[in-house]
Amino acid sequence: MLRPELADLVEGGFEIALTGITEDELSRLSVGVGELEQMPELPDGDRSPFRDATFILYGDQFGIVQRAIAKATKPREPNNPNRSPQGNALAAICADYLGRMA
């Protein structure tokens, strides 16, 4: 619940350092993360192929997912329309998992 509020503050030009939240904590919340800030604003008609997903993780699950995504993150292929390195990494992890389960 804190992430959207902090993101609104950053977007509004608020000096986020005044909150006392460290840059590492903000990064873990995906607030002010460079890759996310570079994502273009999509017109309503262009959003249909993209989906947003939110997950609730418990205990060590966050660290496990964070490490897996960090290891799977690679430079984006030029023909890949998804500019999110984290999204592409998660899709690669899931494809690999599903391939092993088949």
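### Focus on the overall build of the chain
Part 1: Helix and strand content of the chain: 5 helices and 0 strands.
Part 2: Listed N to C, the secondary structure of the chain is α-α-α-α-α in terms of helices and strands.
Part 3: Sorting the 102 residues of the chain into buried and exposed places 12% on the buried side.
Part 4: Contacts spanning at least 24 positions in sequence make up 43% of the contacts within the chain whose residues lie at least 6 apart.
Part 5: Accessible surface computed for the chain: about 8600 Å², of which carbon and sulfur atoms make up 56%.

### So, the packing of helix H4 (residues 61-72) against helix H5 (residues 85-101)
Part 1: At a minimum axis distance of 8 Å, the contact between H4 and H5 shows a crossing angle of 100°. What the angle tells us is that H4 and H5 run roughly perpendicular. Across the interface between the two elements, Ala68, Ile69 and Ala72 of H4 pack against Gln86, Ala89, Leu90 and Ile93 of H5.
Part 2: Its residues assigned to classes, the contact of H4 with H5 shows 6 nonpolar, 1 polar and no charged.

### Details of the pattern of salt bridges
Part 1: With the rule as written, the count across this model stands at 1 salt bridge.
Part 2: Between Asp96 and Arg100 there is a salt bridge, with its nearest N and O atoms 3.0 Å apart. Here the residue Asp96 and the residue Arg100 both occupy positions in helix H5, the gap between them amounting to 4 residues, near one helical turn.
Part 3: Look at Asp96 and you get partly exposed, because its relative accessible area is 41%.
Part 4: By relative accessible area, Arg100 is classed as exposed at 65%.

### Focus on H5
Part 1: For H5, built from 17 residues, the straight-helix expectation of 24 Å at 1.5 Å per residue is met to within 8% by its first-to-last C-alpha distance of 24 Å.
Part 2: By the burial criterion, the buried members of H5 are Pro85, Asn88 and Ala89. Looking down the long axis of H5, one finds its buried residues gathered within 100° of arc, a one-sided arrangement. Set apart from the buried face of H5 by more than 90 degrees, the exposed residues are Leu98 and Met101.

### Some words on the confidence of the model for the chain
Part 1: Averaged over all residues, the pLDDT of the chain equals 77, while 76% of them reach at least 70.
Part 2: Ranking the elements of the chain by mean pLDDT puts helix H3 (residues 34-37) last, at 46, and H5 first, at 91.
Part 3: Every residue in residues 33-38 is under pLDDT 50, and counting partners more than four places away or in other chains gives 7 contacts.

Thresholds applied
Residues numbered from 1 in each chain as written. Predicted model: local features only at pLDDT ≥ 70, side-chain atom pairs only at ≥ 80, totals over all residues. Heavy atoms only, no water. Helix = DSSP H or I, 4+ residues; strand = E, 2+ residues; numbered from the N terminus. Buried < 20%, exposed > 50% of the residue type's maximum accessible area, 1.4 Å probe, protein only. Contact = heavy atoms within 4.5 Å. Areas by Shrake-Rupley, 256 points an atom, 1.4 Å probe, with all protein chains shown as cover. Axes fitted to C-alpha atoms, helices over the stretch in contact; angles between N-to-C directions. Parallel < 35°, antiparallel > 145°, perpendicular 65-115°, else oblique. Nonpolar A, V, L, I, M, F, W, Y, C, P; charged D, E, K, R; others polar. Salt bridge = Lys/Arg side-chain N within 4 Å of Asp/Glu carboxyl O. Expected span 1.5 Å × (residues − 1). Arc of directions from axis to C-beta. pLDDT = per-residue confidence, 0-100.

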